[in-house]
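# Notes for the structure review
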Amino acid sequence: MATLTIPPVLSSPRDDAMHLYKAFKGLGCDSSAVINILAHRDSAQRALIANEYKVMYSEDLTKRLSSELSGNLKKAVLLWMPDPARRDAMILRDALTADIDLKAATEVICSRTPSQLQHLKQLYHSLYGVYLEHAIQAQASGDLEQLLLAYLSTPRSEGFEVDRTMVDHDAKALYKAGEKRLGTDEKTFRLIFSGRSRAHLAAVSSAYHSMYARELKKAVKGETSGNFEHGLVTILQCAENPGKYFAKVLRKAMKGIGTADKTLIRVIVTRTEIDMQYIKAEYHKKHHKSLNDAVHSETSSHYRAFLLALLGPNHH
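Here goes a summary of the coordinates provided. None of these values were measured; they are calculated from a predicted model.

Along the chain, Phe228 falls in helix 15 (residues 226-240). Residues Phe228 and His125 lie 103 residues apart in sequence; the distance between their C-alpha atoms is 25 Å. Setting aside its immediate chain neighbours within four residues, Phe228 contacts Asp143, Leu144, Leu147 and Glu186.

The structure is reproduced here in structure tokens:
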């Protein structure tokens, strides 16, 4: 497998801008040069490069990338350029207005922290002149709509402290609302899943298991369905182990015939600067194959090189 040549870290945003300009000049675009620079720069560095580029060449770097690149490489690079909050806003805008994809919208909302969501809501409104809540109401309905709106608006602690009594109380309430009765009381699931911190929900999950010898995730899957189920499972798994959750999303995108490139790009690009090492470890643990190898066999050319550069070295 070809390893990417990583340019020296001492390169300044100004140098990077010059190198990118050089890569665009002439016939065709030197995609390898573009990948070698951008895939190895963090969010703050990418913003500085875009700034320098604008100052030096009076042209928007993103627009230039858009006209120089094509296909999946273009999609991945354009999603990689902005900072995380703006990127999430772009993904949601697309999933809620252009290429309607409630699953993608649910994944993004239900896997982010309360402070990320606060920032995201403000940014969504300032970028698109629409409240994210209204965009959701226009596309989602029923239990999913109510879950997403509650998840976006409920303040939750990001700390690790939990109240045991509350935890046991929630575990019992969920059992009563689901497995204990005929039919399901969705409201209880919605209130607890949207209203509790990650640490608390993880504790509820383990209390549920010790009280009823059943997995809470299995109960959710047995009691709910469709996008509402997907939202609850996302919230629960991201409370317990986000790495495992995203490893599963990636596996699904690559399983069977063809590849769901949009999902592959979305997850790799949005998690690279957050928890990619954990996702890689979980993927390997479950499938006895590295995530890098899986991506390598599902992609090709510069698109493959870019995703692999984001994933970083293959340790397995």
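The next subject is helix 10 (residues 142-153). In an α-helix, one turn spans 3.6 residues; hence positions three or four apart end up facing the same way. Over its twelve residues, helix 10 runs 17 Å from end to end, which matches the ideal 16 Å to within 8%, given 1.5 Å per residue. Buried within helix 10 are the following residues: Leu144, Glu145, Leu147, Leu148, Leu149, Ala150, Tyr151 and Leu152. As for helix 10, its buried residues are in contact with helix 7 (102-110), helix 8 (114-128), helix 9 (132-139), helix 12 (186-195) and helix 15.

Before going further, it helps to spend a moment on the packing of helix 2 (residues 31-38) against helix 20 (residues 301-311). At a minimum axis distance of 10 Å, the contact between helix 2 and helix 20 shows a crossing angle of 10 degrees. Relative to helix 20, helix 2 is oriented roughly parallel. From helix 2, Ser31, Ser32 and Ile35 reach across to helix 20, where they touch His302, Ala305, Phe306 and Ala309. A per-class count over the contact of helix 2 with helix 20 returns four nonpolar, three polar and no charged.

A few words on the pattern of salt bridges. Inspection of every chain in the model, using the stated rule, returns 15 salt bridges. Of the charged contacts, one joins Asp88 and Arg112 as a salt bridge, the two residues approaching to 2.8 Å between their closest N and O atoms. Taken as a pair, Asp88 in helix 6 (residues 84-98) and Arg112 in the loop between helix 7 and helix 8 lie far apart in primary sequence, 24 residues in all. A salt bridge links Arg190 to Asp143; its shortest N-O distance comes to 3.9 Å. Taken together, the residues span a long stretch of sequence, with Arg190 in helix 12 and Asp143 in helix 10 at a distance of 47 residues. Residue class for Asp143 comes out partly exposed when judged on its relative accessible area of 26%.

What counts and how
Residues numbered from 1 in each chain as written. Predicted model: local features only at pLDDT ≥ 70, side-chain atom pairs only at ≥ 80, totals over all residues. Heavy atoms only, no water. Helix = DSSP H or I, 4+ residues; strand = E, 2+ residues; numbered from the N terminus. Contact = heavy atoms within 4.5 Å. Expected span 1.5 Å × (residues − 1). Buried < 20%, exposed > 50% of the residue type's maximum accessible area, 1.4 Å probe, protein only. Axes fitted to C-alpha atoms, helices over the stretch in contact; angles between N-to-C directions. Parallel < 35°, antiparallel > 145°, perpendicular 65-115°, else oblique. Nonpolar A, V, L, I, M, F, W, Y, C, P; charged D, E, K, R; others polar. Salt bridge = Lys/Arg side-chain N within 4 Å of Asp/Glu carboxyl O.

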